[in-house]
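One letter stands for each residue in the lines below.
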Amino acid sequence: MTLKGKKILLGITGSIAAYKSASLVRLLIKSGADVKVIMTSSSTEFISKLTMSVLTKNEVYTDIFSDGSWHNHVELGLWADLMVIAPCTATSLSKMANGLSDNMLVACYLSAKCPIYIAPAMDLDMWKHPSTLSNLDKVTSYGNSIIDVGDGELASGLYGEGRMAEPEKILEVITQHFEVQQDFKGKKVLVTAGPTYEHLDPVRFIGNYSTGKMGIAIVDELANRGAEVHLVLGPSVLKPKSDQVHVYRVQSADQMHQKSIELFKNMDIAILAAAVADYRPKDLSNVKIKKSEKEMTLELIKNPDIAKELGALKNSKQLTIGFALETNNAIENAKSKVLRKNFDFIVLNTLQDEGAGFGVDTNKVKFIYKNGDIKEFELKQKTKVAVDITNAIKKLT
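Residues numbered from 1 in each chain as written. Predicted model: local features only at pLDDT ≥ 70, side-chain atom pairs only at ≥ 80, totals over all residues. Heavy atoms only, no water.

Caption draft 1: View of the overall build of the protein. Across its full length, the protein holds 13 helices and 24 strands. Counting only C-alpha atoms, the protein reaches 75 × 50 × 40 Å along its principal axes. Residue burial in the protein is summarised as follows: out of 397 residues, 50% are buried. Put simply, of all contacts in the protein between residues at least 6 apart along the chain, 68% involve residues at least 24 apart. Working note: accessible area of the protein is about 19,700 Å², and carbon and sulfur atoms make up 50% of it. Looking at charge distribution, the protein has the averaged site of its 49 positive side-chain charges lying 5 Å from that of its 46 negative ones. (Helix = DSSP H or I, 4+ residues; strand = E, 2+ residues; numbered from the N terminus. Buried < 20%, exposed > 50% of the residue type's maximum accessible area, 1.4 Å probe, protein only. Contact = heavy atoms within 4.5 Å. Areas by Shrake-Rupley, 256 points an atom, 1.4 Å probe, with all protein chains shown as cover. Lys, Arg positive; Asp, Glu negative; His and termini not counted. Charge placed at Lys NZ, Arg CZ, Asp CG, Glu CD.)

Next comes the structure, spelled out in structure tokens:
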């Protein structure tokens, strides 16, 4: 595949590896891409703006304000189909992880709507430092992708990890991104995500600890790969990256049930990642329930089983994928659930695994298939789990 018509925004930071950026630009342009470059001021000590401008045939940006003009970083972020920062120093990585927008490159990164790839370059000890590892976790939790560093001789004279990936490798990653991006084109996907709140009165509710992070990560991955995504989202502060995602905000399990049933008939795939309350209060008070000296008894009634109903409704061409968060007998419970609810496979995680569960950026999952097969994964960022889930669905389509 060529990159014909693709708009690539290249960020260059102050590393000796900046000299490789010229080769990367040549490769991108040879593949048909339109390239624009943003450089930090320190990167110009290693390679000149003039070199990048001649190679790209575009203006090169280093400052938001220069020569009496204002350069619109937001406009650049909206222009690009993909942003790649190569090389990315430890300093720039830290700024990106923590939102320190003191230069045009980071300002553009914070404004970008497109997928972002980061190719780090630094010395071995810097690469292994806990602060760097923490910053890598942060930027990947935001949905960005890291292009793995290589082994070799470093500028310090040490030998080990920290070298920026070679331009040919970066080109390969970018090309694969656009190839993968289209593999769900034409598919309509329903995703449920987040908790549900079952109200007792105007100020109180029964809920759970779900944040919707896993569901949103799946939505972002599907949207990046060309799917038409319809997200039924319970109470959550999160939202998808893409403005093209259809978002339906709901509060209760009953509202999520109604919207999911309404949408499902037109879907190819349903991914039920929401943590839906099994029960709701039988009686809803229109006014705040006042505390009294007596004990309070709360009567609960069952909520609709969204997954089971969709499993019964689905036709031979539709896929349904469920989630199970278990605290005991995890595999047995998941195997039972995948059959009872007619899932094609279920994504199982358990609170017994450190780093998995609600509110964290990582997850450790197993896929339990309806034929009994089990595929187990190591602990990884939820954005990477979303890739695994999406790839597994692709194999079934």
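Caption draft 2: Just a nonpolar patch on the surface, in detail. There is a patch of nonpolar side chains on the surface, built from Tyr209, Leu325, Leu351 and Phe358 and spanning about 420 Å² of accessible area. Tracing the chain through its elements places tyrosine 209 in the loop between strand E13 (205–206) and helix H9 (213–224). Judged by its relative accessible area of 71%, tyrosine 209 falls in the exposed class. (Patch = residues over 30% accessible without salt bridge, like charges linked within 9 Å, V, L, I, M, F, W, Y side chains within 5 Å. Salt bridge = Lys/Arg side-chain N within 4 Å of Asp/Glu carboxyl O.)

Caption draft 3: Expanded view of the pattern of salt bridges. Summed over all chains, the structure comprises 15 salt bridges. Ionic pairing is found between lysine 128 and glutamate 161, a salt bridge with its closest N-O pair at 2.9 Å. With a gap of 33 residues between them, lysine 128 in helix H6 (residues 124–128) and glutamate 161 in strand E10 (residues 159–163) connect regions that are remote in the sequence. In this structure, glutamate 299 and lysine 282 form a salt bridge, with 3.7 Å as the shortest nitrogen-oxygen distance.

Caption draft 4: Quick look at the packing of H9 against helix H13 (residues 382–396). The N-to-C vectors of H9 and H13 enclose an angle of 60 degrees; their axes lie 8 Å apart at closest approach. The angle between H9 and H13 falls in the class oblique. Crossing handedness for the pair H9 and H13: right-handed. Contacts from Lys213, Met214, Ala217, Ile218, Glu221 and Leu222 of H9 reach H13 at Lys382, Thr383, Val385, Ala386, Val387, Ile389 and Thr390. Across the contact of H9 with H13, the residue classes tally to eight nonpolar, two polar and three charged. (Axes fitted to C-alpha atoms, helices over the stretch in contact; angles between N-to-C directions. Parallel < 35°, antiparallel > 145°, perpendicular 65-115°, else oblique. Left-handed = near helix turned anticlockwise from the far one by under 90°. Nonpolar A, V, L, I, M, F, W, Y, C, P; charged D, E, K, R; others polar.)

Caption draft 5: Focus on the sheet that holds strand E6 (residues 82–88). Pairing within the open sheet is parallel, and its six strands lie in the order E3-E2-E1-E6-E7-E8. At either margin of the open sheet sits one strand with a lone partner, and together these are strand E3 (60–61) and strand E8 (145–146). Sheet topology places strand E7 (residues 116–120) next to E8; two bridges connect them, and they run parallel. Residue pairing in the sheet places tyrosine 117 in a bridge with serine 145 of E8. Helix H1 (residues 20–30) rests against strand E1 (7–12), strand E2 (34–39) and E6 of the sheet, and its axis sits at about 180 degrees to E1. (Pairing = 2+ DSSP bridges.)

Caption draft 6: Layout of the sheet that holds strand E20 (residues 345–350). Taken in spatial order, the eight strands of this open sheet run E15-E14-E11-E16-E19-E20-E22-E23, and their pairing is mixed. Each end of this open sheet is capped by a strand with a single partner; those strands are strand E15 (246–249) and strand E23 (374–376). Strand after strand, the sheet turns through a mean of 15 degrees between neighbouring axes, direction not considered. With three bridges joining them, strand E22 (residues 366–369) and E23 adopt antiparallel strand pairing.

Caption draft 7: Fine view of the layout of surface pockets. Looking at the second largest pocket, its volume works out to about 1,200 Å³. Taken together, 43 residues form the lining of the second largest pocket, with Ala274, Ala275, Val276, Asp278 and Lys337 sitting closest to its centre. Elements with a minimum of two residues in the lining of the second largest pocket: strand E11 (188–193), H9, strand E18 (300–302), helix H11 (306–313), strand E19 (319–326) and helix H12 (330–340). The dominant element in the lining of the second largest pocket, judged by the number of residues it contributes, is E19, at five residues. For the lining of the second largest pocket, the class distribution of residues is 19 nonpolar, 15 polar and nine charged. (1 Å grid on protein atoms, 1.4 Å probe; cavity = no way out; pocket = protein on both sides within 12 Å on 5 of 7 lines; lining within 4 Å. Points joined across faces, edges and corners; volume = space filled by probe spheres on them.)

Caption draft 8: Layout of the environment of lysine 169. Inspection of the secondary structure puts lysine 169 in helix H8 (residues 167–181). Residue class for lysine 169 comes out partly exposed when judged on its relative accessible area of 40%. Considering only alpha carbons, one finds lysine 169 and leucine 24, 145 residues apart in sequence, at a separation of 9.5 Å.

Caption draft 9: Fine view of empty space enclosed by the protein. Under the counting rule described, the total for this entry stands at one cavity of 30 Å³ or more. Approximately 30 Å³ is the volume found for the largest cavity. If you trace the largest cavity, you find it lined by Leu348, Asn349, Thr350, Asp353, Lys364, Val365, Lys366, Glu376 and Phe377. Take the lining of the largest cavity: its biggest share by element is three residues, from E20. Looking at the lining of the largest cavity, its residues break down into three nonpolar, two polar and four charged.

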